[in-house]
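# Survey of secondary and tertiary structure
Given next are the chains, with one letter for each unit.
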Amino acid sequence: MVNITTHYINGQFVESKGQEKFGLINPSSNQLLGHVTLGNVEDTQDAIAAAKAAFKTFSTTTREERLDWLQRLYDALKARAQPLSEAMVEEFGAPVKKSPIAAAFSTDEFLHVKKALSNFNFVREMGNAKVIFEPLGVTAVITPWNSNALFICRKMGTAIAAGCTTVIKPSEMSAIQTQVLVEALHEAGLPPGVFNVVVGRGDVVGAELTRHPDVAKISFTGSTATGKTIAKGAVDTMKRVTLELGGKSANIILDDADFAKAIPLAIMNAFLNNGEACNAGTRLLVPEDRLDEVKKSIKHAVEQVKVGNCLDEDTFIGPLVSRKQYERVQGYIKSGVEEGAELVTGGLGHPQGLSPKSLEEGNFVRPTVFANVTRNMRIAQEEIFGPVLSILTYKTDEEAIEIANDSIYGLYAYISSSDMERANRIASQLQVGRVSINGAPHDTGAPFGGFKQSGIGREYGEIGLEAYLEPKAILGS
Ligand code: NDP
């Protein structure tokens, strides 16, 4: 049984002052893995004080020193990629074929930040002024359970590149992954207080970080509802915020697309990370007169997707992270049926034939596809965060754009077409932070973030780094 009782404050693993214990559950079986002791307000304040003290010196470090720290963090985590990957399988339910990739993506975040830092111009001439980009101060990093290590590495790495110090509050549901990660990062030997980690509840540790006057910035990834709470709380002390929130991304397949490629891509985009991804392409928009063909090939393809034992090499979808998330997704499947959508494949309950038998107690959902979904249905509007895909139809490009933009969210969109001019014309009219044409992969040099209620600000590259800096204009220098 795992028993995590410490936080990482001022370069040391210190016993939690909090008393509350949180049970860590294996989502494949809902069996108890162990416990983590949750931090309280005092732990959070200790971490903020350590970050504040470290900021004095760390904010004056040179670009070369920060590049060196980032490289050390990369090296330290790379050496522990295997245990990190194993923790992702056990605690999050990542299939074993994907978890090493997720661990490598997390580690690589430090290299991406290095690249942005290498090219960054900290002193610029604007008008007649010299403008200096200075580190903001203590940054609170608040992360969700769906990609805990990746978000921590990206946000903390960017803070370091900027000369900021951090207090990190990961999701308590990711406590084992966090422990492996922090033990690895500790090996990098950064000055005490540069990064601190307090595992605890959002309404305790997260709320204190949001409230505390010594925190200058919050970088958050999670639900739009929590993002709003944080933004409202942050304004009292005028904290800067970067909010990476929910999505309901449209995937537009144009009639000139190669459907043999576009359909498998659509499934991959919809079900990535067990469907628990903010940028999942969960609204599939297809030409009305191609619907029957799409339904047939999607049904066939989805029924080949293996859901089940994370330890099997051919598993594509593991369990959802918690019983609560399982119930939430079941609720959406039920609402799709009740609102009159056509169930193409999947549906309520567990998939058949889970093996071993203990998996029947886990949070496995049947990958589900609905057709004849209308724009006002909940399954067309709300972020489900599970392997559920909604197919909508359009008659013209204009209608496809209108449907895609008919969302409170605006994080990502996907387009498949053989006509690049047409695809680019459509991309330019979509109200989203990113558009991927014909499966173009994630690019860490380009900004990532949302329009509308998908967030505020951007991560990655120079724009991402700027968000941890404050410009100071010096006139007459
Ligand atoms: P939340 O947004 O509640 O959690 C994300 C992080 O915020 C967690 O660390 C959480 O802590 C923390 N938090 C919660 N309340 C506060 C607060 N008042 N102040 C500061 N921090 C806080 O996501 P959920 O886990 O509840 O998931 C609910 C839904 O949100 C999902 O079903 C999905 O639709 C969406 N979601 C979207 C994500 C994305 O990447 N866009 C990521 C995760 C969820 P704690 O763990 O203690 O609650």
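What you are looking at is a predicted structure, and each value in this text was computed from that prediction instead of being measured.

Let us now look at unusual backbone geometry. Look at the link from Ser 355 to Pro 356: it is a cis peptide, with omega at 0°. Relative to the helices and strands, Pro 356 is located in the loop between β15 (342–345) and β16 (368–371). Despite not being glycine, Asn 30 has its phi angle at roughly 60°, a positive value. Mapping Asn 30 onto the fold places it in the loop between β4 (21–26) and β5 (31–37). Of the residues examined, Asn 30 reaches a relative accessible area of 25% and is grouped as partly exposed.

For the rest of this paragraph, the subject is the domain arrangement of the protein. Segmentation of the protein into domains returns domain 1 (2–245 + 454–475) and domain 2 (250–445). Distance from the C-alpha centre of domain 1 to the C-alpha centre of domain 2: 30 Å. Contact with domain 1, which involves 25 residues of that partner, is made by 35 residues of domain 2. Taken together, both faces of the contact between domain 1 and domain 2 bury some 2,400 Å²; the carbon and sulfur share is 55%. For domain 1, the biggest contributors to the area lost against domain 2 are Ser 28, Trp 145 and Ser 454; these three give 21% of the whole. For the pair domain 1 and domain 2, the number of links is 0 salt bridges.

Now for the environment of Ala 404. Mapped onto the fold, Ala 404 is located in helix α13 (residues 397–405). Along the chain, Ala 404 and Ser 417 lie 13 residues apart, while their C-alpha atoms are 16 Å from each other. With residues near it in sequence (within four places) discarded, Ala 404 still touches Ala 250, Ile 252, Arg 283, Leu 285 and Leu 430.

Time to look at the pairing of strand β6 (residues 123–126). Across 4 bridges, the pairing between β6 and strand β7 (residues 129–135) is antiparallel. In the sheet register, Met 126 faces β7, and the bridge partner there is Ala 129. As consecutive antiparallel partners, β6 and β7 are separated by 2 residues, and within that stretch Gly 127 has a phi angle of approximately 60°, a positive value.

Scoring rules and cut-offs
Residues numbered from 1 in each chain as written. Predicted model: local features only at pLDDT ≥ 70, side-chain atom pairs only at ≥ 80, totals over all residues. Heavy atoms only, no water. Helix = DSSP H or I, 4+ residues; strand = E, 2+ residues; numbered from the N terminus. Buried < 20%, exposed > 50% of the residue type's maximum accessible area, 1.4 Å probe, protein only. Domains from an automatic or database assignment. Contact = heavy atoms within 4.5 Å. Buried area = accessible area lost by both parts, 1.4 Å probe. Salt bridge = Lys/Arg side-chain N within 4 Å of Asp/Glu carboxyl O. Pairing = 2+ DSSP bridges.

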